[in-house]
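Now for the letters of each chain:
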Amino acid sequence: MDWIERVMKYEADDSGTLKIEKKNEQMRREVILRGVLSVTVVSAEGLPALDFLGKSNPYVVIMMKKLGTKVKTRVLHDTLNPVWNQTFDFVVEDALHELLILEVYVTTLLERGSRI
């Protein structure tokens, strides 16, 4: 049994009924999962050709919603099947309430960046 299961477990009292211990209930309210999240953007396949030459210049934007952290991969030029193999680390303070968002964008000669 890991530590979070111990925090949330039920214990039987003398009458045999199940109850949550007050200490465990307090601890459960205070549980905040902290750590480092490693995200590896590997590749994409079959992206739409948005360039007039029939290619795209894709990149990926990764955001941690609650933290407000935003990073992006390098732009790969003239490809519909990019391979990035880039890893990003995020320090997460509250994993139960955090949201990871990944969006694929392309750059073209006419536009700065368009989401696919």
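Look a little higher up for the structure.
**Points about the pairing of strand 5 (residues 69–72)**
Inspection of the sheet shows strand 4 (residues 57–64) paired to strand 5 by 4 bridges, in the antiparallel sense. Following the sheet pairing, Met64 is matched in strand 5 by Thr69. Between the antiparallel neighbours strand 4 and strand 5 lie 4 residues, among them Gly68 with a positive phi of about 75°.

**Considering the environment of Leu102**
Locating Leu102 in the fold gives a position in strand 7 (residues 100–107). Remark: the alpha-carbon pair of Leu102 and Val61, spanning 41 residues in sequence, is separated by 5.7 Å. Not counting chain neighbours up to four residues away, the residues in contact with Leu102 comprise Val41, Val60, Val61 and Ile62.

**So, the pattern of salt bridges**
Within this structure, the stated rule accounts for 2 salt bridges. With a shortest N-O distance of 3.3 Å, Arg34 and Glu93 are connected by a salt bridge. Of this pair, Arg34 sits in the loop between helix 2 (22–30) and strand 3 (35–43) while Glu93 sits in the loop between strand 6 (83–92) and strand 7; the two residues are 59 residues apart in sequence, bridging distant segments of the chain. When its relative accessible area of 61% is taken as the criterion, Arg34 is described as exposed. Among the residues examined, Glu93 registers a relative accessible area of 42% and is labelled partly exposed. Notably, a salt bridge pairs Asp94 with Lys66, separated by 3.0 Å at the nearest N-O pair.

About the thresholds
- Residues numbered from 1 in each chain as written.
- Predicted model: local features only at pLDDT ≥ 70, side-chain atom pairs only at ≥ 80, totals over all residues.
- Heavy atoms only, no water.
- Pairing = 2+ DSSP bridges.
- Helix = DSSP H or I, 4+ residues; strand = E, 2+ residues; numbered from the N terminus.
- Contact = heavy atoms within 4.5 Å.
- Salt bridge = Lys/Arg side-chain N within 4 Å of Asp/Glu carboxyl O.
- Buried < 20%, exposed > 50% of the residue type's maximum accessible area, 1.4 Å probe, protein only.

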